[in-house]
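Geometric and topological summary
One letter stands for each residue in the lines below.
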Amino acid sequence: MPTPPKCYYFWAVCRGRVLEHLGAMPQRRACRFQGLGKDLPGGSALVRGDEVFFPASYLSRVWMGSKGSTTLLPSRVRPLSAHIKLTENCQARCVTCDYWKSRWQDAIDTDHAIDLVNQIAAAGIRSLRLTGGEPLLRRDLFHILEKADTSNLKRIVLQTNGLLIKKLHEEINASPITKVCISLDGLKQTNDLIRGIRGYFDLALEGVQLLKGKRIAFSVTLNRLCAAELRNLAKVARGVGADFEFNILSRSLYFLKDADIAPLWPEPDDVSEIATFLREVVRRPEYEVDYITRYYQREEIEEPPCVLGFLQVFVLSNGDVLSGCYPLSPVGNILRDKLDTILASEAYLQQSVAMLRRECPGCTCGIESSLAMQHAVTSGFFEISRLKQRGNGTGHVLAPQPGQAEPVART
């Protein structure tokens, strides 16, 4: 078999990392070449109706289209990950979020929710994230997961504030949920202050320790108050077997429009502390650390083309479908049309292309995926160096396989 060019290895690792980030492939860090579309990360074929679909080939076209002419893009959007909000109600009182200030009406009833999960799987999407609001407030959540056909979903992620894990741990353990992400924004005192509930941190940790057979992650929004606590928070994560994931503050999401995040914006010394932590402990690539540093320093940044429209789809609690971007207008509603019809629509495709051109209000959601696409070769070198360090036993990571959290609603 001929040896592929080195640049192909770099791109293979990069796209495998994007796929892994979205949950469309098992967690692994190997890069093998045994034939195109077979054993490279993300190369497994998916059957969608009468079609055979290769996520790796699809990502290659997304990458080419983001770097050159949009004529190179896929002719149809085929998201690899779906985020659904069965409720937008939340019992936390976070200073960084507006959800708890309103009483939301859940338009997606039990039967529609079961059908939605089935439609997601039938569309060839292999990663499902249950977010909100607080998804555990839906009393029928586990009934929905029981009745829906989840056999083809490789990953089902529960994004939760953690307040109900202790109460519902048996139901979570018995469910097809594969990963639980708990939103924490610092150690005990800091987290409870930001989250607005005394005892939040302790209650979440008590619940986490009752989970069995689930991957666990702490989803931390990097902010001024927790900057000096990040190393200790990573140690807490390691102590309960959790990954350490992170988000960065944003001003453009609809559920943050009235939130006062100014007191949480990092000062220069905090930015330096955050950057050092990301570089030395969480071991993020330099281009990613540089972006976050410049973003928090309010420097002018040349934003990478946003690829999220081609990678993920969002469904809100009123049925509205978004092209992987909360600030943009809906492109359909699953209470009126089938999900596959919406994904195949010209409106969905054109909005996804507009996102590549940054014809949007701008946000920091999923910036890791867009940066990885922009810096494909650098990303490949970075991941290969991590593989060598682990193989030599020299890698030093406080939490297992840490990284940046997927773009999520605040819970």
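Our subject is the structure listed above.
Nothing here was measured: the structure is a model prediction, and the numbers come from that model. (Residues numbered from 1 in each chain as written. Predicted model: local features only at pLDDT ≥ 70, side-chain atom pairs only at ≥ 80, totals over all residues. Heavy atoms only, no water.)

Considering unusual backbone geometry
- That bond from Gly132 to Gly133 is cis: its omega, 20°, falls within 30 degrees of zero.
- Along the chain, Gly133 turns up in the loop between β4 (127–131) and α4 (141–147).
- With a phi close to 60°, Arg283 is a non-glycine residue in the positive phi region.
- For Arg298, which is not glycine, the phi dihedral falls at a positive 60°.
- Within the element layout of this structure, Arg298 appears in the loop between α10 (286–296) and α11 (308–311). (Helix = DSSP H or I, 4+ residues; strand = E, 2+ residues; numbered from the N terminus.)

Considerations on the packing of aromatic side chains
- In this structure the tally under the stated criterion is six aromatic pairs.
- Between Phe244 and Phe277, the ring centres sit 5.2 Å apart and the planes meet at 70°, which makes this aromatic pair edge-to-face. Taken as a pair, Phe244 in strand β8 (residues 243–248) and Phe277 in helix α9 (residues 268–280) lie far apart in primary sequence, 33 residues in all. For the pair Phe244 and Phe277, a shared accessibility class is recorded, and that class is buried.
- Measuring from ring centre to ring centre gives 5.5 Å for Tyr295 and Tyr296, while their planes differ by 55°; the resulting arrangement is tilted. Each member of the pair Tyr295 and Tyr296 is classed as buried.
- In this structure an aromatic cluster arises from ring pairing among Trp265, Tyr291, Tyr295 and Tyr296. (Phe/Tyr/Trp six-rings, centres within 6.5 Å; stacked < 30°, edge-to-face > 60°. Buried < 20%, exposed > 50% of the residue type's maximum accessible area, 1.4 Å probe, protein only.)

So, the state of the cysteines
- For the structure shown, the criterion picks out zero disulfides.
- Between Cys360, a cysteine without a disulfide, and Cys325, which holds the nearest cysteine sulfur, the sulfur-to-sulfur distance is 5.5 Å.
- Overall, the relative accessible area of 23% leaves Cys360 in the partly exposed class. (Disulfide = S-S within 2.5 Å.)

Focus: the pattern of salt bridges
- If you walk through the whole model with that rule in mind, you get 14 salt bridges.
- Between Lys338 and Asp115 there is a salt bridge, and its shortest N-O distance comes to 3.4 Å. Pair noted here: Lys338 is in the loop between β11 (332–333) and α12 (339–343) and Asp115 is in helix α3 (residues 110–122), with a separation of 223 residues, a long-range link.
- For Lys338, a relative accessible area of 48% puts it in the partly exposed group.
- Asp115 sits in the partly exposed class, given a relative accessible area of 29%.
- For Arg279, the salt bridge goes to Glu286, with nearest N and O atoms at 2.9 Å.
- Salt bridges sharing common partners tie together Arg284, Glu288 and Glu368. (Salt bridge = Lys/Arg side-chain N within 4 Å of Asp/Glu carboxyl O.)

Topic: the packing of α10 against helix α14 (residues 367–374)
- Two elements in contact, α10 and α14, have axes whose closest approach is 10 Å; the angle formed by their N-to-C orientations is 130°. Of the possible angle classes, the one that applies to α10 and α14 is oblique. In this structure, the crossing between α10 and α14 has a hand that is right-handed. When α10 is examined against α14, the residues Tyr287, Glu288 and Tyr291 are found in contact with a partner set consisting of Ile367, Glu368, Leu371 and Ala372. (Axes fitted to C-alpha atoms, helices over the stretch in contact; angles between N-to-C directions. Parallel < 35°, antiparallel > 145°, perpendicular 65-115°, else oblique. Left-handed = near helix turned anticlockwise from the far one by under 90°. Contact = heavy atoms within 4.5 Å.)

Considering helix α7 (residues 200–208)
- The set of residues buried in α7 consists of Tyr200, Phe201, Ala204, Leu205, Gly207 and Val208. Here the buried residues of α7 occupy an arc of 160° about the axis, which is enough to place them on one side.
- Check the buried side of α7 and you find it contacts α5 (165–174), β6 (179–183), α6 (188–195), β7 (215–222) and α8 (230–239). (Arc of directions from axis to C-beta.)

Things to note about the pairing of β6
- Burial analysis of β6 places five of its five residues in the buried class, the great majority of the element.
- Where burial is concerned, the two faces of β6 agree: the one with Lys179, Cys181 and Ser183 and the one with Val180 and Ile182 are both buried.
- Where strand β5 (residues 155–160) lies against β6, four bridges are found, and the strand directions are parallel. Along β6, the bridge assignment pairs Gln159 with Cys181.
- Pairing analysis gives five bridges linking β6 to β7, with the strands arranged parallel. Within β7, the position partnered with Lys179 by the bridge is Arg215. (Pairing = 2+ DSSP bridges.)

Describing the environment of Arg76
- Relative to the assigned elements, Arg76 resides in the loop between α2 (55–67) and β3 (81–85).
- Residue class for Arg76 comes out partly exposed when judged on its relative accessible area of 23%.
- A sequence separation of 234 residues divides Arg76 from Phe310, and the C-alpha atoms of the two residues are 8.8 Å apart.
- If sequence neighbours within four positions are ignored, Arg76 has contacts with Tyr58, Asp340, Leu343 and Ala344.
- Of the polar contacts made by the side chain of Arg76, one reaches the side chain of Asp340; its length is 2.5 Å. (Polar contact = N/O pair within 3.5 Å; in protein donor to acceptor, adjacent residues only side chain to side chain.)

As for the pairing of β5
- Of all the six residues making up β5, six are buried; the element is thus mostly covered by neighbouring parts of the structure.
- What you see with β5 is no split at all: Arg155, Val157 and Gln159 on one side and Ile156, Leu158 and Thr160 on the other are buried throughout.
- Across four bridges, the pairing between β4 and β5 is parallel. Following the sheet pairing, Leu130 is matched in β5 by Leu158.
- At this point the chain moves from β4, through α4, to the parallel β5, and the crossover so formed is right-handed. (Right-handed = clockwise from strand over helix to strand, strands pointing away.)

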